[in-house]
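Residue-level structural notes
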Amino acid sequence: MGCIIEFVAILLGLIQALFGVILVLFIPGYAVTLVFYPEKNEISDVKRIGLSIVFSIISVILLVLFIDVVLAVNTTPINIVGAILIFSLVAVCIWKAELLFHERIQKLISKESTTGQHARPVNLSALKFWSVSKNNDLMKNKSQKEEKDDDL
């Protein structure tokens, strides 16, 4: 009976270690790569896995430092796992929001192309110059009006 209990304890320890390695070396980095490269076909799977490992190591180190130094929370395993999971969930939410934004932009572009209206490029420097000159004209008109009021 003691042999079975030891086997179960070792098996649970291996599962816990495997979960820890996956959590620390893959999940947060994969979420970050989804934020930087939201489309699945933007980079290859091998590059995404490599980047996720690198981003995971960096993000876990920075998260532990953040919760210890900035938040002044004890760095227990539970706190670290919680911070990693919250960080990963926030990154996934940003990724989903980014996908929705791209989807809406694509709908607007397709709607414009079907109606025949095309977006025209805008020269922002010309707009800025126009707004400054209009503002100057308004100021001149205002000062001329004040001068006329003073004369009366």
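Located above this text is the structure these notes cover.
Heads up: these notes are all about the structure in this document. (Residues numbered from 1 in each chain as written. Predicted model: local features only at pLDDT ≥ 70, side-chain atom pairs only at ≥ 80, totals over all residues. Heavy atoms only, no water.)

For the chain, the count of helices and strands is five helices and zero strands. For the chain, the sequential pattern of α-helices and β-strands runs α-α-α-α-α. Per element, the accessible surface of the chain, about 12200 Å² overall, is 70% carbon and sulfur. (Helix = DSSP H or I, 4+ residues; strand = E, 2+ residues; numbered from the N terminus. Areas by Shrake-Rupley, 256 points an atom, 1.4 Å probe, with all protein chains shown as cover.)

Geometrically, a pair of aromatic rings is defined through the distance of the ring centres and the angle of the planes. Scanning the entire structure with this criterion turns up two aromatic pairs. Here Phe26 and Tyr30 contribute two aromatic rings whose centre-to-centre distance is 5.4 Å and whose plane-to-plane angle is 25°, an arrangement assigned as stacked. Relative to Phe55, the ring of Phe36 lies with its centre 5.6 Å away and its plane at 45°, an arrangement referred to as tilted. Separated by 19 residues along the polypeptide, Phe36 in helix α2 (residues 27–36) and Phe55 in helix α3 (residues 45–70) bring together distant segments of the chain. Residue class for Phe36 comes out exposed when judged on its relative accessible area of 51%. (Phe/Tyr/Trp six-rings, centres within 6.5 Å; stacked < 30°, edge-to-face > 60°. Buried < 20%, exposed > 50% of the residue type's maximum accessible area, 1.4 Å probe, protein only.)

Turning next to the environment of Val32. Assignment of secondary structure puts Val32 in helix α2. Classification of Val32 as buried rests on a relative accessible area of 13%. Distance in space between the C-alpha atoms of Val32 and Phe55 is 6.9 Å, their sequence separation being 23 residues. Dropping the residues within four chain positions of it, Val32 is found in contact with Phe55, Phe87 and Ala91. (Contact = heavy atoms within 4.5 Å.)

With that out of the way, let us pick up α3. With 26 residues, α3 extends 35 Å from end C-alpha to end C-alpha; this agrees with the ideal 38 Å at 1.5 Å per step. Within α3, the full set of buried residues consists of Arg48, Ser52, Ser56, Ser59, Val60, Leu63 and Ile67. Two residues or fewer after α3 comes Ala72, characterised by a positive phi angle close to 55°. (Expected span 1.5 Å × (residues − 1).)

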